Structure formats: C-alpha cells, structure tokens
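Geometric and topological summary
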Amino acid sequence: MSTINAWAAPSAAAPLEPFRYDAGPLHDDAVEIAVEACGLCHSDLSMLDNEWGRSVYPLVPGHEVVGRIRAVGRNARGLREGQRVGLGWLSGSCLHCTPCTHGDHHMCTTVEETIVGRHGGFADAVRAHWRWVTPLPEALDAASAGPLFCGGITVFSPLIEFGIRPTDRVGVVGIGGLGHLALQFARAWGCEVTAFTSSAAKADEARALGAHQVVTSTDESALKALAGAFDLLLVTVNVTLPWHRYLAALAPRGRLHFVGAVLEPVQFRAFSLIGGQRSISGSPTGSPASIATMLEFCARHGIAPRTEHFPLAEVNQAVERLRTGAPRYRVVVDVAAHS
C-alpha cells in the first residue's frame, strides 16, 4: 500500500487535520512501519510553528515512533515484517561519508530528518532507511517507549561520548521531558546525581527518578556552595540561567554540556575554562548503534519515560497540553491498539 493516512498542519501554527498522501513505491533500502504510538516532542512544536525556518507544509509531525514493520525493501538488512521497532529524529544517512563509516551516522552531512522535508509518524504508517530503524527489546513497553528514540538518546548519548564513569558526579539541569530520563540514566550508570529544577514541586519526583539531592536551579547561593563539585552538568532546559555559577560548579576537567536549545547567547570568560581545563559542549541525537545500546540499557535497568497518552483523534489537545508545559513528563499519541 502506498496511501498513508495522517494528521498534518496545513500552515504554520495551524491545528492538525486529517491528511492523506501517496508515499509511492517503497524504496529498496527502506522499510514501512505500521505506527502504533508516537511521542510528541518540543521539536514537533518548533516544526509546526516554523521556528527554525525549515518547515514545509502540509507538515505531518511525529518522530518518536513505535510500531511493527509491514513492508521491507529488498536491500534492507536485519529486519523482518511483523517485527516491533522504533524510529527517531533521523531516518536516513549516506552510509559512505567519514562520519558514517566511523559510526557517527547522526553527523552525516546529508542526514535525513524524519519530519523535515518528509512526513512523520502521526500517521498509520511511516517510512525510513533500514539502518535507522531499531528493533525494540521485548522487555520494553511499546506503548511508552517512543520518547526514548529522541528525548532518551539525546540525554543518553553524552554518557557514552564523554566516557562518564560510575564514580563521576553528574548534575541534570531541568527536570522535564529530557531531564527526567537523564536522572534515571545517570543513577543506573552508577553516578552521584544532582537534580537542578526551578520547581520545588518536582523535588520528590526527582529523588524518585534517581537524584541523590535536589537544588533550585536559579539559587545562586546554592550554586556557589557547589563550586568544583561536578564532572558533568547536563543542561536540558531552553532558558537562560546563571551560567557562570554552573561553570564554576565544575570540577577540574568538568564539562558543561547542552542538549537543550537555550535561545539566548551563552557567554563565558576564557579564563573560566582555562584554569580548571573545563569544557563547554553540545550534542544532538545519537547514532543507530547508540540507540540500540540505550534500549538494551533501559531493558536491563527498567528505565522508561513517564508518559501521558492521547488518541490520535485528539492530537490537537495533545499539542496544546505540551505547549503549556504541563505534562509529567512526555506526551504520547496512541495511533493504533497495541498487540
């Protein structure tokens, strides 16, 4: 079948409405996934509103897909019809450039994004290159696993990339859709974990998710008392905070790492980095291999997103709830019944 039924925004910031399109013949290196559930991410909002100037309408959002393969291209490898899989922000790469051949497929210069210039997972089916489609371990709940394929890998990948050790002290700045997963990962990794949040109401939840201690993210005196404490501070927020205090809270060779899209410029004095050989960095999603590793780690340690669910027919209500910042902590749109 080449006709796909979806929900699409006809223009920037417009409500989603039923939409049908012809996907054409299945490419030899692609698979088609019958979508069961799809997470709703802040990146979907940015694309719906054309905040990044890259949106093409009608736009079908949805890039945290879980479903079963219903068609396999003849060149696809390691996948079969009926297999439950997931798909995230990226859906294709060239496989022959230097980043791809070194395992950094997500940094391919011609990487294909699932909802940029193509239609995503708020639909009965979605297509992707086979290399970017990852089998879902049986131990993971298919209904709630979707956010792992974007939010999850975004905060898991730095633990691998920077060689974080079980003896390290890790701070997670912002306890929301990204941060609540980062707390679980860092605690299961064996680290001493501190949660930084502006919401006192989240303190008990943060501890339940894995934090050993909770600090108010805007309290400069509390931050000052933590000078030199952290090997990694993982920033998941998109707001401005007293960054000089966070930088001072790093131990020698510590790293302030951004995965949240902070909108204002982040400025530091060079000597703040030089003296303790500190680093500032950022990262996007992760490679297919890192995604598979993350899923196995989640299955082993019982890590899962905390989710709120909406039927596909109520996708606009789901979008509006996410806009308010109310979900605890990820929104999932149930596209089809799980079996």
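Let us look at the structure shown here. All chains use their own residue numbering, which begins from 1 and follows the written sequence. Side-chain atom pairs in this predicted model are given and counted only at pLDDT of 80 or more, local residue features only at pLDDT of at least 70, and totals for whole chains, interfaces and linings cover all residues. Side-chain measures were taken over the full set of non-hydrogen atoms in the model, leaving aside hydrogen atoms and water.

**Overview of the packing of aromatic side chains**
For Phe, Tyr and Trp, where Trp contributes only its six-membered ring, two rings pair if their centres lie within 6.5 Å, and the inter-plane angle classes them as stacked under 30 degrees, edge-to-face over 60, or tilted in between. This structure, assessed with the given rule, holds 11 aromatic pairs. Considering the side-chain rings of Phe185 and Phe297, the 6.3 Å spacing of their centres and the 45 degrees angle between planes classify their relative orientation as tilted. Placement of the pair is Phe185 in helix H4 (residues 179–189) and Phe297 in helix H9 (residues 288–301), with a sequence separation of 112 residues. With a centroid separation of 5.3 Å and an interplanar angle of 55 degrees, the aromatic rings of Trp189 and Phe297 are classed as tilted. Secondary structure elements are taken from DSSP: a helix is a run of H or I of four residues or more, a strand is a run of E of two residues or more, and numbering for both begins at the N terminus.

**Structural notes on unusual backbone geometry**
The omega angle of the peptide bond from Tyr57 to Pro58 is 0 degrees, so this bond is cis rather than trans. Considering the arrangement of structural elements, one finds Pro58 in the loop between helix H1 (42–48) and strand E4 (64–72). A cis amide bond links Arg328 with the next residue in sequence, Tyr329, at an omega value of 10 degrees. Here Ala13, not a glycine, exhibits a phi torsion of approximately 65 degrees, which is positive. As for its position among the elements, Ala13 is in the loop between strand E1 (3–8) and strand E2 (17–22). Phi at Leu95 takes a positive value of approximately 70 degrees, unusual for a residue other than glycine. Along the polypeptide, Leu95 turns up in the loop between strand E6 (90–92) and helix H2 (98–101).

**With respect to H4**
Of all 11 residues in H4, 8 are buried, a share of seventy percent or more. Buried residues are those whose accessible area, probed at 1.4 Å on protein chains only, stays under 20% of the maximum for their type, while exposed residues exceed 50% and partly exposed ones sit between those limits. Along H4, the positions that sit buried rather than exposed are Gly179, His180, Leu181, Ala182, Leu183, Gln184, Phe185 and Ala186. Gly190, located one to two residues past H4, shows a positive phi value of around 105 degrees.

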